[in-house]
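# A structural walkthrough
One letter stands for each residue in the lines below.
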Amino acid sequence: MAMLWKFMRVAKYSKTALSPKVKGRGIPIHSRHSSSKSVPSDFAANTPCSNTVELLGKAYPQDDYSNVTEKILSKVGKNLHNRKHHPLWLIKEQVKDHFYKQYIGRRGTPLFSVYDCLSPVVTVQQNFDSLLVPQNHASRRKEDNYYLNRDHMLRAHTSAHQWDFIHSGLDAFLAVGDVYRRDTIDNTHYPVFHQMEGVRLFSCHELFSSIKDGEGLQLFEQGHRTAHKQECHTMEAVRLVEFNLKQVLTKLMTQIFGDGLQVRWVDCYFPFTHPSFEMEINFQGEWMEVLGCGVMEQQLVNS
């Protein structure tokens, strides 16, 4: 069984289902000890001819879906989240440090691994199809995304890498990166922002081992989908995953913002999780959304 969370943008920053094992998953950490090199914006993108866009060393033929602008292309490769002492880097390192210290695997090493050098160019299949986003879903619109062509785009969320990570066999990971959406600029929105996302998969043993007399509890059943669970998950499994998910994220936000933080949870909808929640914190007298999360659709994990 799996849970997913995504930190949303704050100012200039942005925001599972199970196989025979219900796991909470993540990705190995390549960025922990290595420095990331940014691609100078002057060389990140150029257009050698009118019908081709060259970006990060690859050429993409343009078509009727191409709508990415030179201004946005100039932002690709800056990798602000990997620039030492940049505010985004500081927040990323604070979150990484929290997870490294709080969640230790059986071998005494960090349970969660981190990926922060992923290419922002993804396929439409990665960004939408792999996450069960319907073909007619509003989030696919050209008006909301930056398309290189019908098949490739600048990722609209770090979730675009989720299927590949899970498919590779990872059980717990954090993914960090710049993301792109055609937003109107205001004090909390900008077309280029950043997200950090986490996934964890649980096996039956991992989820129920701390429960007294929990040997008979199961992750799956042939049931019915309700507002509180997927048809294939038992209520006991969903409740434990939801409790773990909210506890993990509340501890993280307290670590970042300090004790006395006011938190509230709001039910919401995402195509790739059910049930789904948003966390809001009280900031200067107003409730502000800081992340979205939920229990990953089992279909996504099974696929």
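Here goes a summary of the coordinates provided. What you see is a predicted model; the values in this text were computed from it and never measured.

This part covers the overall build of the protein chain. The helix and strand tally for the protein chain stands at eight helices and 12 strands. Expressed as a percentage of the 303 residues in the protein chain, the buried residues total 49%.

Quick look at the packing of aromatic side chains now. Here the structure, examined in full by the defined rule, presents nine aromatic pairs. Their ring planes at 15° and their centres at 4.7 Å tell us that Y115 and F165 sit as a pair that is stacked. Highlighted residues: Y115 in strand β5 (residues 113–115) and F165 in helix α5 (residues 162–167), separated in sequence by 50 residues. Note on accessibility: Y115 and F165 belong to one class, buried. Ring plane angle 10° and centroid distance 6.1 Å describe the contact between F270 and F272, whose orientation is recorded as stacked. Here the two residues F270 and F272 agree in accessibility, since each one is buried. A network of ring pairs unites the aromatic residues W5, F99, Y103 and F112 as a single cluster. The ring of Y65 carries K142 above its face, with NZ or CZ at 5.3 Å from the centroid. Above the face of the F277 ring, K246 is positioned so that its terminal group lies 4.1 Å from the ring centre.

The nonpolar side chains of a soluble globular protein tend to be buried with one another. By size, the foremost hydrophobic cluster in this structure holds 34 residues, and its most contacted members are M1, W5, F7, F99, L207, L249 and L291. Mapped by element, the contributors of at least two residues to this core are β1 (2–7), α3 (87–102), β8 (172–180), α6 (204–208), α7 (235–257), β11 (273–283) and β12 (286–296). Here this core takes eight residues from α7, the largest share from any one element. Ignoring any residue separated from it by four or fewer positions in sequence, one finds L207 in contact with M1, F202, L219, A237, L240 and V241. In terms of nonpolar packing, the next biggest core, distinct from the first, is built from 24 residues, V122, A160, F165 and L201 among them.

What follows is about the environment of K6. The residue K6 is located in strand β1 in this model. One polar contact links K6 to S159, side chain to side chain, over a distance of 2.8 Å.

One pass over the full model with this rule turns up 15 salt bridges. Among the ionic pairs, E242 bridges to R239, the shortest N-O distance being 3.5 Å. Here R239 and E242 lie together in helix α7, a separation of three residues that amounts to about one turn. R239 gets classed as partly exposed once you look at its relative accessible area, which sits at 41%. Among the charged side chains, a salt-bridge network with shared partners connects K92, E93, K96 and D116.

Conventions adopted
- Residues numbered from 1 in each chain as written.
- Predicted model: local features only at pLDDT ≥ 70, side-chain atom pairs only at ≥ 80, totals over all residues.
- Heavy atoms only, no water.
- Helix = DSSP H or I, 4+ residues; strand = E, 2+ residues; numbered from the N terminus.
- Buried < 20%, exposed > 50% of the residue type's maximum accessible area, 1.4 Å probe, protein only.
- Phe/Tyr/Trp six-rings, centres within 6.5 Å; stacked < 30°, edge-to-face > 60°.
- Lys NZ or Arg CZ within 6 Å of the ring centre and 35° of its normal.
- Core = buried A, V, L, I, M, F, W, Y, C linked by side-chain atoms within 4.5 Å.
- Contact = heavy atoms within 4.5 Å.
- Polar contact = N/O pair within 3.5 Å; in protein donor to acceptor, adjacent residues only side chain to side chain.
- Salt bridge = Lys/Arg side-chain N within 4 Å of Asp/Glu carboxyl O.

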